[in-house]
Amino acid sequence: MKIFKSKHKLQKEILHIKNISFVPTMGGLHKGHVSLIRKSQSFKGKTLVSIFVNPKQFNEKKDFLNYPRNLKKDLILLKHLNIDYIYIPTFKDIFSFKVKNKIYLDSFSKKLCGKTRKGHFKGVLNIVNRFLDLIKPKYIFLGVKDLQQSYLISKHILKRKINTRVINCKTIREKNGVACSTRNKNLNKHQFKIASKVIKYLKNKKRLIKKKLSNFDSINTKKDLINLGVTKIDYIELINSKTLRKPRNKRENFRIFIAFYLNKIRLIDNI
Ligand code: PAF
């Protein structure tokens, strides 16, 4: 396992490696990351994991400061997983060079998380664009818990004709149904239980909606969620994850997309 803090040293090392599988992370690694990494290792070639808590994608400074970090633990895990390369840039290292491609921000960035997290996706694309420029990976592995992020990264790659394939990986859940997320580390036991109730409620809701689509009433659904102990709901929407539009009939495949708060902790999911 080779750890790099400088892009020049990293680039020197990987310059001639053609088939790099890249797993970008912000650290605070969990079972979801492990699954992305295992998937990346099932492809031929070398695996490169980045760890960088990107300040540009946080719309609130406090959220950035409270984001769970544990580099020591992450490195032990990555060593155990037998990762080839780890890139842990400083802010200056990653933001102090001119990138070849301009960021392409698809209009879907204005929906869902884009409505309340101003500048978030621009920040995500900024860092991912830089990583792609430096690493030139054959594949990039992304979790579909952040489906909007993955979609927008795919659009950027397509539009800018970048030679990297996005591999979407399924959401990994805790035993109680809550999607694995670094932010879960900030939840107390009580909040973790509420999060689980939310997921159960949404799964059941989806089953009911499938029977009678017209019954989705976001106002009452929000009320139910508040009664379960949710502090605030940024959005709850039914979306066809292929067309990204509202489903028009019950035969269409859809997912319930949600962003909600438990006190100050914001969680997202799609069920
Ligand atoms: O999903 C994440 O952890 C981040 O948004 C990413 C893709 C590593 C960019 O900072």
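Treat the numbers as computed from the prediction; the structure is a model and nothing was measured.

### Brief notes about the overall build of the protein
In step 1: Broken down by element type, the protein carries 10 helices and nine strands.
In step 2: For 271 residues, the compact-globule estimate of 2.2 N^0.38 gives 18 Å, and the protein sits close to it at 19 Å.
In step 3: Across its three principal axes, the protein shows a C-alpha extent of roughly 55 × 40 × 35 Å.
In step 4: By sequence separation, contacts in the protein at least 24 residues apart represent 74% of the contacts at least 6 residues apart.
In step 5: Of the roughly 14,900 Å² of accessible surface on the protein, a fraction of 52% belongs to carbon and sulfur atoms.
In step 6: Of the side-chain charges in the protein, 65 are positive and 16 negative, and the distance between the mean point of each set is 3 Å.

### As for the sheet that holds strand S9 (residues 265-270)
In step 1: The strand order across the open sheet formed by three strands is S7-S8-S9, and the pairing between neighbours is antiparallel. Edge strands, defined here as strands with exactly one partner in the open sheet, are strand S7 (232-239) and S9. Each adjacent strand pair in this sheet contributes to an overall mean axis angle of 5°, direction not counted.
In step 2: Inspection of the sheet shows S7 paired to strand S8 (residues 255-262) by seven bridges, in the antiparallel sense. Across the sheet, Ile236 pairs through a bridge with Ile258, a residue of S8.
In step 3: The strands touched by helix H9 (residues 189-211) are S7, S8 and S9; relative to S8, the strand with the most contacts, the crossing angle is about 155°.

### Some details on the pattern of salt bridges
In step 1: Per the stated rule, a full pass over the model turns up 10 salt bridges.
In step 2: In this structure, Glu174 and Lys31 form a salt bridge, with 3.2 Å as the shortest nitrogen-oxygen distance. Here Lys31 lies in helix H2 (residues 31-41) and Glu174 lies in the loop between strand S6 (165-169) and H9, a separation of 143 residues in the sequence.
In step 3: Judged by relative accessible area, Glu174 falls into the partly exposed class, the value being 25%.
In step 4: Shared partners join several salt bridges into a network, and the residues in it are Asp63, Arg117 and Arg183.

Rules and cut-offs
Throughout, a residue's number is its position along its own chain's written sequence, starting from 1. Whole-chain, interface and lining totals are the exception, using all residues; otherwise, since this is a predicted model, local features are given only for residues with pLDDT of at least 70 and side-chain atom pairs are given and counted only at 80 or more. As a rule here, side-chain values come from all non-hydrogen atoms in the structure, and water together with hydrogens is ignored. Strands are runs of DSSP state E lasting at least 2 residues, helices are runs of H or I lasting at least 4, and numbering of each runs from the N terminus. Computation of the radius of gyration draws on C-alpha atoms, with the globule rule given as 2.2 Å multiplied by the number of residues to the power 0.38. The contact rule is simple, with two residues in contact once any of their heavy atoms fall within 4.5 Å. Each accessible area is a Shrake-Rupley estimate made with a 1.4 Å probe; only the visible protein chains count as cover when residues are assessed. Positive charge is attributed to Lys and Arg, negative charge to Asp and Glu, and no charge count is given to His or to the chain ends. Every charge is mapped onto a representative atom, which is NZ of Lys, CZ of Arg, CG of Asp or CD of Glu. We treat two strands as partners when DSSP finds at least two bridges between them. To get an axis, a line is fitted to the C-alpha atoms, and for a helix only the part in contact is used. The angle between two axes follows their N-to-C directions and goes from 0 to 180 degrees. Here, a salt bridge means any side-chain nitrogen of Lys or Arg that lies within 4 Å of a carboxyl oxygen of Asp or Glu. Note on classification: 1.4 Å probe, protein chains only; a residue is buried when its accessible area is under 20% of the maximum for its type, exposed when over 50%, partly exposed between these limits.

In short, shape yes, function no, at least from these values alone.
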